[in-house]
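A closer look at the structure
If you want the building blocks of each chain, they are given just below.
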There are 2 protein chains.
Amino acid sequence: MKRFKPTTQRDIANVLGLSVSTVSRALNDFYGISAETKKLVLDYINEIEYYPNPMALKLRDCRSYSIGVIVSEIANSYFSQIINGIESVAYKKGYNVFVTQSHECFQQENTNIKQLISHSVDGILVSISSETTDFSGFYSLKEKGIPVVFFDRAPRDIDAHKIIVDNFEGAYKATEHLIKQGFYKIAHITNSSDLLIEEERIEGYKAALSTYNIDYNPEYVFYCQCRKNIREETEAIVNQLLHLDNRPDGIFSASDKLSTEILIALKKRNITIPKDMAFVGFTNMAEADIFECPLTTISQPALEIGEAAAKLLIGQIESKSTISQYKTKIFETELTIRESSLKCSKSEFVSESLNQ
Amino acid sequence: MKRFKPTTQRDIANVLGLSVSTVSRALNDFYGISAETKKLVLDYINEIEYYPNPMALKLRDCRSYSIGVIVSEIANSYFSQIINGIESVAYKKGYNVFVTQSHECFQQENTNIKQLISHSVDGILVSISSETTDFSGFYSLKEKGIPVVFFDRAPRDIDAHKIIVDNFEGAYKATEHLIKQGFYKIAHITNSSDLLIEEERIEGYKAALSTYNIDYNPEYVFYCQCRKNIREETEAIVNQLLHLDNRPDGIFSASDKLSTEILIALKKRNITIPKDMAFVGFTNMAEADIFECPLTTISQPALEIGEAAAKLLIGQIESKSTISQYKTKIFETELTIRESSLKCSKSEFVSESLNQ
DNA sequence: TTGTAAGCGTTATCAG
DNA sequence: CTGATAACGCTTACAA
């Protein structure tokens, strides 16, 4: 295939009978060029739709004007909304975005970091995988001077900007809501005990129980890695949960994918929501409204999280001085009450009236 | 911020007391270097984890080793699955992927094309927006010699590789299934009459009706642009549909987002699926299983579509000669029968038994 | 076998 | 005000 060879400043210079440097001056509003010559050049480049060769610029500046993103899965509405936010900010500021997926795998995450470095990204936005407990990869990025901003899932004690939601508050609200509806035996299903956000959610869950004088029962907390075999994992969890001596009457699930899979497993066992089991999900699914039983959810401002993360990262990239004080920006979550968590549910009411 | 300055071949050469070209030779298995020197260099670069500066390579080769993707929306499981396929192939072959979104808007699509060109992508993968009727943007890409491969939604008569599914067959199967279930008044809701895939789906729908001697009723076909105001559009369509003199008893919906929105609108009006209205969606939603009424769907092999498209594009990019014969690869769809299309539905049965 | 130097497209520094 | 030239990091033809 004959490769597309774009016009260069040299071509322009030749056509107009000028030198390359004059053309460059016109393009960059550089001082020391006559208005006349400048107009000549600008008119011409407008006509031919000239774009400066980005590779040359990047080589010169030693930066790629691109940022890398690592998420666990893009086919997840929460993350794709965040990516939308990141891209809108990045494009506006002239940056490209490379999106990579860790699939909740530590190994893959490290491969992604290397890939991104070898593509000379100017900075990285990351939501760490549920498997990650070793943050040395991120520390070495810091050492190399490559800015990293964490969003959604951040390591506990790393010095970096972080964009997170108030997971404690979110989990508290979810749990409290279930309690107020009259469910006292609430199970909590979450990703992995090593993630800070999961810890915060568990703390919120515990705090709500404690407020209402309900004993915390460790048997009611389940962990799921959400890897490739998520279906098996959730099947096992649901089996275990349903066969507990003191079977829970409500579930608070901590993530998108988890919620979907748990609901599938429950449905398979003919557990009706919320009659047999109340349910609140920590999720951003657009489809929450049309599930068999519309889902009560704690939702997160995904778009804003993405925008904030991108702004912070680009700010750090473009800042002249080293950051001395890292920020942690915390967004609030929102409880949307639908039917899945109601004691006397509308769906029960409807199905009764339908059968008269 | 002090910029990260990676090691260069000059640095390596200085350390080892060699010249840049010798280092380069070692890295590229170039002929004319002693095994000894080569080992020396390779050992060292392994130790320090040297990566060649991608910008320099790209500038030199006049190519970016990146491909651009244009889809309508990434927060759509069908497209995010396709992107997964694209990325897996692209990364394996050393290419980056820039993903852009048209949001079903012609203007935005053209902006994206320009963006991608100005980032010097080596080729573009595109699923055209529902609004696009003017393909001049893509023709001018062809003229410039930038390879374009269309997937999912392709212009009718453009000379280019295309990856599509058998939309006719898919629509036929969906419609036939509804007919066999005893629904004869089948409405079809689709994106926009200008897309080839929509035309094929309508043809499949008509052909199935004709096979079973059902008259085609143009009033039963609805078009939705699926833009920002999709909620209003679908509300209007559902209102219109429900107030037809001869109200349909089944709906065959042509896309993901459309299906979700139509179901929300129907639910709002207390239309029960499939009792009051049968439903088949052309969609890849993972959640189809746990909807109020599990959704019968025509699904598409999204991952494979993405992989095939990326392979074809990269093949074209790397091919020395101009392509004389463009390929159109057609994938088959799959009908998954769930409850939303069944005449005597299980869900009715369940809700009766629950109320005894 | 190794080193030198030109060139990819830009911008910046210097002379004219 | 404008033009020539070096530099960014890499590959490669050519000279040593």
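This one's a predicted model, so the numbers in the text were calculated from it and none came from an experiment. (Residues numbered from 1 in each chain as written. Chains lettered and ligands numbered in written order. Predicted model: local features only at pLDDT ≥ 70, side-chain atom pairs only at ≥ 80, totals over all residues. Heavy atoms only, no water.)

Here we come to the protein's contact with DNA strand C. Around DNA strand C, the structure places 24 residues, and the nearest of them are Tyr50 of chain A together with Ser21, Thr22, Arg25 and Gly32 of chain B. Across the atoms of DNA strand C situated within 4 Å of the protein, the share located in sugar and phosphate is 64%. Contacts to DNA strand C include Arg60 of chain A, whose side-chain N or O atom sits 3.1 Å from a base oxygen. Measuring from a base nitrogen of DNA strand C, one finds a side-chain N or O atom of Arg25 of chain B at 2.5 Å. At the level of secondary structure, the elements contributing two or more residues to the surface near DNA strand C comprise helix H2 (20-27) and helix H4 (54-61) of chain A together with helix H2 (20-27) and helix H4 (54-61) of chain B. Here the surface near DNA strand C is built from residues that sort into eight nonpolar, twelve polar and four charged. (Near = heavy atom within 4 Å. Polar contact = N/O pair within 3.5 Å; in protein donor to acceptor, adjacent residues only side chain to side chain. Helix = DSSP H or I, 4+ residues; strand = E, 2+ residues; numbered from the N terminus. Nonpolar A, V, L, I, M, F, W, Y, C, P; charged D, E, K, R; others polar.)

Here we take up helix H12 (residues 302-318) of chain B. Residues and elements named next belong to chain B. Its 17 residues give H12 an end-to-end C-alpha distance of 24 Å, which sits within 8% of 24 Å, the value for a rise of 1.5 Å per residue. For H12, the full list of buried residues reads Ala302, Ile305, Gly306, Ala308, Ala309, Ala310, Leu312, Leu313, Ile314, Gln316 and Ile317. Against the buried residues of H12 lie strand S1 (66-71), helix H5 (77-92), strand S3 (123-126), strand S4 (148-151), strand S5 (161-165) and strand S11 (328-331). (Expected span 1.5 Å × (residues − 1). Buried < 20%, exposed > 50% of the residue type's maximum accessible area, 1.4 Å probe, protein only. Contact = heavy atoms within 4.5 Å.)

Let's shift gears to the pattern of salt bridges. When the charged atoms of two side chains with opposite charge come close together, those side chains can pair. All names here are of chain B. Within this structure, the stated rule accounts for 23 salt bridges over all chains. Here Arg153 makes a salt bridge to Asp152, at a shortest N to O gap of 3.6 Å. With a shortest N-O distance of 4.0 Å, Lys180 and Glu176 are connected by a salt bridge. Here the residue Lys180 and the residue Glu176 both occupy positions in helix H8 (residues 167-180), the gap between them amounting to four residues, near one helical turn. Here Lys180 falls in the exposed class, since its relative accessible area comes to 59%. Residue Glu176 is classed as buried on the basis of its relative accessible area, which comes to 18%. (Salt bridge = Lys/Arg side-chain N within 4 Å of Asp/Glu carboxyl O.)

Residue and element names in this part refer to chain A. Listed in full, the buried residues belonging to helix H7 (residues 136-144) are Gly137, Phe138 and Leu141. Relative to the axis of H7, the buried residues are bounded by an arc of 95° and lie together on one face. Considering only its buried residues, H7 is in contact with helix H6 (106-118), strand S3 (123-126) and strand S4 (148-151). Gly145 lies just past H7 and shows a positive phi near 85°. (Arc of directions from axis to C-beta.)

Bringing the domain arrangement of chain A into the picture now. Interface size is commonly expressed as the accessible area that is lost once the parts come together. All names here are of chain A. The domain architecture assigned to chain A consists of domain 1 (9-51), domain 2 (63-152 + 302-318) and domain 3 (167-299 + 335-354). Across the boundary between the two partners, domain 2 contributes 15 residues, which contact twelve residues of domain 3. The three residues of domain 2 that bury the most area against domain 3 are Glu104, Ser130 and Asp152, which together make up 36% of that side's buried surface. Summed over the shared surface of domain 2 and domain 3, the result is one salt bridge. Of the charged contacts in the structure, one is a salt bridge between Lys257 and Glu73, with a shortest N-O distance of 3.6 Å. (Domains from an automatic or database assignment. Buried area = accessible area lost by both parts, 1.4 Å probe.)

What follows concerns the sheet that holds strand S8 (residues 250-253) of chain A. Residue and element names in this part refer to chain A. The sheet built from six strands is open, its strands ordered S7-S6-S8-S9-S10-S12 with mixed pairing. A strand with exactly one partner marks an edge of an open sheet, and here the two such strands are strand S7 (221-223) and strand S12 (334-336). Recorded for the sheet is a direction-independent mean angle of 15° between the axes of neighbouring strands. Strand direction decides the pairing type here: strand S10 (residues 296-299) and S12, joined by three bridges, are antiparallel. Pairing of Ser299 across the sheet is with Glu334, part of S12. In the packing of helix H10 (residues 230-242) onto the sheet, the strands contacted are strand S6 (186-190), S7 and S8, and the crossing angle to S7 comes to about 165°. (Pairing = 2+ DSSP bridges. Axes fitted to C-alpha atoms, helices over the stretch in contact; angles between N-to-C directions.)

This brings us to the packing of helix H1 (residues 9-16) of chain A against helix H3 (residues 35-48) of chain A. All names here are of chain A. Taken N-terminus to C-terminus, the directions of H1 and H3 make an angle of 120°; their axes are 11 Å apart at the nearest point. Accordingly, the angle class assigned to the pair H1 and H3 is oblique. Considering how the two elements wind past one another, H1 and H3 form a crossing that is right-handed. Contacts between H1 and H3 involve Ile12, Val15 and Leu16 on the former and, on the latter, Leu40, Val41, Tyr44, Ile45 and Ile48. (Parallel < 35°, antiparallel > 145°, perpendicular 65-115°, else oblique. Left-handed = near helix turned anticlockwise from the far one by under 90°.)

Residue and element names in this part refer to chain A. Each neighbour pair has its own omega, and for Ile273 with Pro274 the value is 0°, a cis peptide bond. Looking at the element boundaries, Pro274 is found in the loop between helix H11 (256-268) and strand S9 (278-282). Even without a glycine there, the phi angle at Ser120 is positive, about 50°. Note that Ser120 resides in the loop between H6 and S3. Accessibility expressed as a relative area gives 16% for Ser120, which makes it buried.

Residues and elements named next belong to chain A. Looking at the element boundaries, Lys228 is found in the loop between S7 and H10. Accessibility expressed as a relative area gives 72% for Lys228, which makes it exposed. In this structure, the C-alpha to C-alpha distance between Lys228 and Gly182, residues 46 residues apart in sequence, is 36 Å.

In the vicinity of DNA strand D lie 24 residues, with Thr22, Arg25 and Gly32 of chain A together with Lys5 and Tyr50 of chain B positioned nearest. In the environment of DNA strand D, a phosphate oxygen lies 3.1 Å from a nitrogen or oxygen atom belonging to the side chain of Ser19 of chain A. Measuring from a base nitrogen of DNA strand D, one finds a side-chain N or O atom of Ser21 of chain A at 3.2 Å. The set of elements that each furnish at least two residues to the surface near DNA strand D consists of H2 and H4 of chain A together with H2 and H4 of chain B. Grouping the amino acids of the surface near DNA strand D by side-chain chemistry returns eight nonpolar, twelve polar and four charged.

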